[in-house]
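Close look at the chain arrangement
Residues per chain, in single letters:
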Amino acid sequence: MKFLWIWCFGLLCAYATKAQVPQLEGCVYTVETLNTPDGFPFVAVKDVTGNGRGGQVRFRTGSPGWIYKWMHEGVEYASGTYAADSSSFVFPLQGNGVYSVVAEKEGEEPEASGDFRIFYVHVPEFELSVVEETKYDCEGIKLRIDGFQPAYYLYGEDVRYYGAHSVEYLLSTRKEPIISPDYWRDGMELYQTVDDRDARYTLTVTDKFGFAWTSSEAEYVSVVPKAKMSFKLLNTVKVDGYGEDMGQAPLEVEFTDESVNAQSYVWYLYKDTIDLKEKLPNLEDSLMDNRLRYAPDFTYTYEHPGLYGVRLKVINTAGVNHCWDTTELKNIKVIPSLVNVPNVFTPNGDGVNDIFRVQMLSVTSFHAVIINRWGRKVYEWTDPEGGWDGRINGTYASPGTYYYIVTARGLEKNNPPKYVKKGALLLVR
């Protein structure tokens, strides 16, 4: 049998034969190693539109001067001679059926392709859908295949030939297909894990002829929430030896929900870890104010130093399952009370260290007094933000040594410390 070239114009081809294999041009194809039971060399052409037409065949002899004729289902369709270049002959495919080509030349043995069968493979559109009963599940859904009708070639007395390949089922979210020796029954279901993202799925079925067909798109709207929160400390401080991201009491904190797919919120504001060391009888006793909070965003003020935990649980209220998620436990640090008193300041108007201030964190009941070396009180204040500018009754104080007495009480909840600090202060101009 001489070589054949088959143009498919955008169609995909596969063929099977135990005789000499025809050569294909202009299309992507796969080679089957089995024959159809009726023994004809078999060429399968992927037919996307379903009209069962398209493509052409080229038969080559390799030298000029030949007269050609071709047959389809026993009917001669064309013949001719080509004086200029008759080393090949092209004819259009007429649809399914048995074809053959014969080339004749005076003084030469006829050359023939032998019979070969063309079959246009077409699979109608089929559906992939989310199984209704699983669309609100929290971990995975089921996708159902409906309406897949595999193509087959019918010959003899109602004998069907489906092709010789294995069937492959590839979901769009996966890299490897599921391989089956035969087609699944209609209504088969695939399990697919889900997360907080919406998704669109398709299923590609590679049939037994080696052609791939893709289903309609199944849309999944996620009901799986993803918990995420943030909080902002409104009066942060940074003290050497204590780390960062902390504030002093009373510490106001803004809590903000940043979750996805959530309609209900439960905030757990846990008590200071010192208060949680003893075994607590129930959840409420471990919470600030012994209660939960349900607003997506709110502000809370921590009145005392300590290390406090916070966690957010979010719920998607769609369906009956009410899928939920929680954040990791995060900590809010309220710095312990602290009183630091400097021993020198320079009220010379240069903008640097011009005010004698006491560093105080998480304290209350503050009081400070400045005394000269004769024991006379020269300045006094109770505002923690205040300080001495180096003046006495509006007049610049003389440089030299002065003395301070500072008293304060910490804001710790349990046994708040009382601070009494006394010492010498050097005023330098």
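A short tour of the structure in this document, coming up.

Definitions and cut-offs
Residues numbered from 1 in each chain as written. Predicted model: local features only at pLDDT ≥ 70, side-chain atom pairs only at ≥ 80, totals over all residues. Heavy atoms only, no water. Disulfide = S-S within 2.5 Å. Helix = DSSP H or I, 4+ residues; strand = E, 2+ residues; numbered from the N terminus. Pairing = 2+ DSSP bridges. 1 Å grid on protein atoms, 1.4 Å probe; cavity = no way out; pocket = protein on both sides within 12 Å on 5 of 7 lines; lining within 4 Å. Points joined across faces, edges and corners; volume = space filled by probe spheres on them. Nonpolar A, V, L, I, M, F, W, Y, C, P; charged D, E, K, R; others polar. Axes fitted to C-alpha atoms, helices over the stretch in contact; angles between N-to-C directions. Salt bridge = Lys/Arg side-chain N within 4 Å of Asp/Glu carboxyl O. Buried < 20%, exposed > 50% of the residue type's maximum accessible area, 1.4 Å probe, protein only. Phe/Tyr/Trp six-rings, centres within 6.5 Å; stacked < 30°, edge-to-face > 60°.

Okay, the state of the cysteines next. What the rule picks out here adds up to 1 disulfide. One disulfide bridge connects C138 with C323, the sulfur atoms lying 2.1 Å from each other. Handedness here is read from the sign of the S-S torsion; for C138 and C323, about -90°, the answer is left-handed. Linking C138 in the loop between β12 (127-130) and β13 (140-146) with C323 in the loop between β29 (306-315) and β30 (324-326), this pair joins segments that are 185 residues apart in sequence.

Ordered in space as β33-β40-β39-β35-β36, the 5 strands form an open sheet in which the pairing is mixed. A strand with exactly one partner marks an edge of an open sheet, and here the two such strands are β33 (344-345) and β36 (377-381).

Before going further, it helps to examine the layout of surface pockets. There is about 320 Å³ of room inside the largest pocket. The wall of the largest pocket is formed by 20 residues, among which D272, H304, P305, Y308 and K413 lie closest to the centre. For the lining of the largest pocket, the elements supplying multiple residues, two or more each, are β27 (264-272), β28 (298-302) and β29. If one sorts the elements of the lining of the largest pocket by residue count, β28 sits on top with 3 residues. Looking at the lining of the largest pocket residue by residue, the classes come out as 9 nonpolar, 4 polar and 7 charged. As for the second largest pocket, its lining consists of N235, Q248, A249, P250, R357, V358, Q359, M360, S362, V363, P384 and E385.

For the rest of this paragraph, the subject is the sheet that holds β28. Overall, antiparallel pairing links the 3 strands, which are arranged β23-β26-β28 in an open sheet. Each of the sheet's edge strands pairs with one partner strand only, and the pair in question is β23 (229-233) and β28. Across this sheet, the average inter-strand angle for adjacent strands is 25°, counted without regard to direction. In the sheet, β23 pairs with strand β26 (residues 251-257) via 5 bridges, with the strands oriented antiparallel. Within β26, the position partnered with F231 by the bridge is F255.

Across 4 bridges, strand β16 (residues 167-171) lies against strand β20 (residues 203-206) in antiparallel orientation. Bridge pairing links Y169 to V205 in β20. Taken together, β20 and the strand that follows it, strand β21 (residues 212-214), pair antiparallel across an intervening segment of 5 residues, in which G210 is found at a positive phi of about 95°.

This paragraph deals with the pattern of salt bridges. On inspection of all chains with the given rule, the structure shows 9 salt bridges. Among the ionic pairs, D146 bridges to R144, the shortest N-O distance being 3.1 Å. The exposure class assigned to R144 is partly exposed, which follows from its relative accessible area of 27%. The residue D389 makes a salt bridge to R391 at a minimum N-O spacing of 3.9 Å. Since its relative accessible area comes to 35%, R391 is described here as partly exposed. Connected through shared salt-bridge partners, R200, E217 and E219 make up one network.

Here we take up the packing of aromatic side chains. Two numbers describe a pair of aromatic rings. These are the distance of the centres and the angle of the planes. Summed over the entire model, instances satisfying the criterion amount to 34 aromatic pairs. With 6.1 Å between their ring centres and 10° between their planes, F42 and F209 make a pair best called stacked. On the criterion of sequence distance, the pair formed by F42 in strand β4 (residues 42-46) and F209 in the loop between β20 and β21 is long-range, its members being 167 residues apart. The residues F42 and F209 share a single accessibility class, namely buried. Between Y68 and F89 the ring centres are 5.0 Å apart and the planes differ by 5°, which places this aromatic pair in the stacked class. A residue pair is termed long-range when its members are at least 10 positions apart, and Y68 in strand β6 (residues 67-72) and F89 in strand β8 (residues 88-92) qualify at 21 residues.

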